[in-house]
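Okay, here's what each chain looks like letter by letter:
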Amino acid sequence: CGPTVLLDAMGADYTGPAGREAAEDFVIVRAFAAPAVLVSGAASGVLRGFLDTLTPTIVLTLANVVNLCLDVLLVQYLGMGTTGAALATTTAECVCAGSYLLILAGIIPLPSEVWRGDDKSEDNDHNANMKLPRMIPSLSVPSWSEFQPLLTASSAIFLRSAAIQLSLVTAAATVARDTLSYTSSSDAVMITSAAVAAHQIALQLWMLCSFITDSLAAASQALIADAIGQRSPTAVRNISLTVFQYGAVLGMVLGAILAFGAYGPSHVLIGLFTSDETTQELLFTVMGLVVVAQPVNALVFVGDGVLQGASEFVYQAKTMVLSSGVAMTTFFVIQTFDVSWPFQNSVEEFLTLFHVWECLILL
């Protein structure tokens, strides 16, 4: 019942019976990874709190290697399609969560210590105090005074995540549903599927750049929290300035790479994801927005890291809810007044996808 309601809301029927079946299989398998995702997120946060960003990098690299190998095996060689892709990702996330639990319990050594060598002679007093203790799951219930800060922070983060995920889900559902109204019945499924595919490719490229930038956010979060703990406003300002400078440069570099890959010789980046001409044409319409947004996107992610390090979770939630409301309102206005720029002389199927991405960038 759950997947059916979710896929109905997302407009899965508009992609045809085959698309609906593939989406349902994918969602059912991926649902089993929910506990692993939560464990991995919590464990990564614990390690960041102890200024250990190397261990999550190593664990996530291992998980992604597992994911890639299983993708090739299950999708390419066994022909399992979307079910195989879902199984590969779910298995990788379980491996990731299991690795984190073993590390935090002290059953296997910290990968960061193994990588660098645990040379205590070089540790200063502050770093020695940041030594990660063994963490064993317990059934005891924490007191309200211990639980209340966690509840406040996690509730704000949940609200923020819900707002951005709702925006992304709404964008995908809009692309799936709205393009159908512009097409003849014979071409409806083909155009809708191509639009959804183009949207997802653009979204994955955007998310890839975001995750690269998130490396700066993760580092700034830990460093800002540490500087605040030492009551050093000067360190906080210096760290913030440095990561914003790095973020601006990284955003411009990522934008340049995407621009060259999408619009350079042979359009390598576009051809790497799809050979379908309709999907490629639709993808070209939004890649310019994805490219232009990278410097701003990088600064936003870095700013998130700084704010999280300063424990400004409620402020982040409020701004994300406000941004989501502005983006959705803007899309409604654009669609209502049938704004056709910059496609006055092009087919109307491009309009919705382009406007969706205009509002995602505004978000």
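Residues numbered from 1 in each chain as written. Predicted model: local features only at pLDDT ≥ 70, side-chain atom pairs only at ≥ 80, totals over all residues. Heavy atoms only, no water.

1. Section: the overall build of the chain
Inference 1: Assigned secondary structure in the chain consists of 14 helices and zero strands.
Inference 2: When the helices and strands of the chain are placed in sequence order, the string is α-α-α-α-α-α-α-α-α-α-α-α-α-α.
Inference 3: Counted over contacts in the chain with a minimum sequence separation of 6, partners at least 24 positions apart contribute 75%.
Inference 4: A total of about 20,000 Å² of accessible surface is found on the chain, and carbon and sulfur atoms cover 67% of it. (Helix = DSSP H or I, 4+ residues; strand = E, 2+ residues; numbered from the N terminus. Contact = heavy atoms within 4.5 Å. Areas by Shrake-Rupley, 256 points an atom, 1.4 Å probe, with all protein chains shown as cover.)

2. Side note on the packing of helix α4 (residues 54–77) against helix α5 (residues 81–104)
Inference 1: Where α4 meets α5, the closest approach of the two axes is 8 Å, and the angle between their N-to-C directions is 155°. Classified by the angle between their axes, α4 and α5 sit roughly antiparallel to one another. In this structure, α4 crosses over α5, and the sense of that crossing is right-handed.
Inference 2: Of the residues assigned to the contact of α4 with α5, the class counts are 17 nonpolar, seven polar and one charged. (Axes fitted to C-alpha atoms, helices over the stretch in contact; angles between N-to-C directions. Parallel < 35°, antiparallel > 145°, perpendicular 65-115°, else oblique. Left-handed = near helix turned anticlockwise from the far one by under 90°. Nonpolar A, V, L, I, M, F, W, Y, C, P; charged D, E, K, R; others polar.)

3. Considering unusual backbone geometry
Most peptide bonds take the trans configuration, and most residues that are not glycine carry a negative phi.
Inference 1: Although it is not a glycine, Arg231 sits at a positive phi angle of roughly 55°.
Inference 2: Note that Arg231 resides in the loop between α9 (188–229) and α10 (233–263).
Inference 3: In this structure Arg231 comes out as exposed when scored by relative accessible area, which is 77%.
Inference 4: With a phi angle near 60°, Ser311 is a residue other than glycine that sits in the positive phi range. (Buried < 20%, exposed > 50% of the residue type's maximum accessible area, 1.4 Å probe, protein only.)

4. Details of the confidence of the model for the chain
Inference 1: Residues of the chain with pLDDT of at least 70 account for 81%, and the chain-wide mean is 80.
Inference 2: Taken element by element, the predicted model of the chain shows its lowest mean pLDDT in helix α7 (residues 125–129) (48) and its highest in α5 (92).
Inference 3: Low pLDDT, under 50, characterises residues 120–129; the stretch is placed with four contacts to residues that sit more than four places away or in other chains.
Inference 4: Considering only residues more than four positions removed or in separate chains, one finds that residues 180–184, a stretch of pLDDT under 50, has 10 contacts. (pLDDT = per-residue confidence, 0-100.)

5. Concerning the nonpolar core
Inference 1: The biggest cluster of nonpolar side chains holds 34 residues, and the ones touching the most others in it are Leu258, Leu283, Met287, Leu353, Val356, Trp357 and Leu360.
Inference 2: Breaking this core down by element, the ones donating at least two residues are α8 (144–178), α9, α10, α11 (268–273), α12 (277–309), α13 (313–336) and α14 (349–362).
Inference 3: Beyond its immediate sequence surroundings of up to four residues, Leu360 is in contact with Ser167, Leu168, Ala171, His199 and Trp206. (Core = buried A, V, L, I, M, F, W, Y, C linked by side-chain atoms within 4.5 Å.)

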